[in-house]
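# Topology and contacts: notes
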Amino acid sequence: IKDGHLVKSEAKIDGYNLKEIGSNIFNGYNQLQSVTIPEGVTRIGTCAFAFCGELRSVEIPNTVVGIESGAFMNCDAVESVVIPQGVAGSTSASA
């Protein structure tokens, strides 16, 4: 995270493949303003970005096949969300 923006160009951390954004990982992190999920991530966990009050934009790649319940719950400032066709999730996954 740099200047309120979470951007990762590839889905690797310390040589390990990043396959999912875990449940509650950024829950309540109010400094977060934008999120770009990297290619290769397949799932966004329950409440992963819930209550991120300053979150304004989200980009999700077509590798994501599931967005869990409440992933973006109460992200009231969101102005832009890019979700490719084919991404599955519950109706409560979005802001």
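Above this note sits the structure.
Residues numbered from 1 in each chain as written. Predicted model: local features only at pLDDT ≥ 70, side-chain atom pairs only at ≥ 80, totals over all residues. Heavy atoms only, no water.

Let us look at the overall build of the protein. Within the protein, the secondary structure is distributed over 0 helices and 10 strands. Going from the N terminus to the C terminus, the protein shows its helices and strands as β-β-β-β-β-β-β-β-β-β. The buried share of the protein, taken over its 95 residues, is 34%. Restricting the contact set of the protein to residue pairs at least 6 apart, pairs at least 24 apart contribute 33%. Here the protein has roughly 5,400 Å² of accessible surface; of this, 49% comes from carbon and sulfur atoms. (Helix = DSSP H or I, 4+ residues; strand = E, 2+ residues; numbered from the N terminus. Buried < 20%, exposed > 50% of the residue type's maximum accessible area, 1.4 Å probe, protein only. Contact = heavy atoms within 4.5 Å. Areas by Shrake-Rupley, 256 points an atom, 1.4 Å probe, with all protein chains shown as cover.)

Positive phi outside glycine occurs at Cys47, with the angle close to 55°. If you check the backbone angles, Phe51 has positive phi at about 60° while not being a glycine. Looking at where Phe51 falls in the secondary structure, it is placed in the loop between strand E6 (43-44) and strand E7 (57-59).

Our focus in this paragraph is the environment of Val58. Topologically, Val58 is positioned in strand E7. In this structure, the C-alpha to C-alpha distance between Val58 and Thr36, residues 22 residues apart in sequence, is 6.0 Å. When near neighbours in sequence (up to four residues on either side) are disregarded, Val58 contacts Val35, Phe72, Ser80, Val81 and Val82.

Interpretation in functional terms is not warranted from these geometric data alone.
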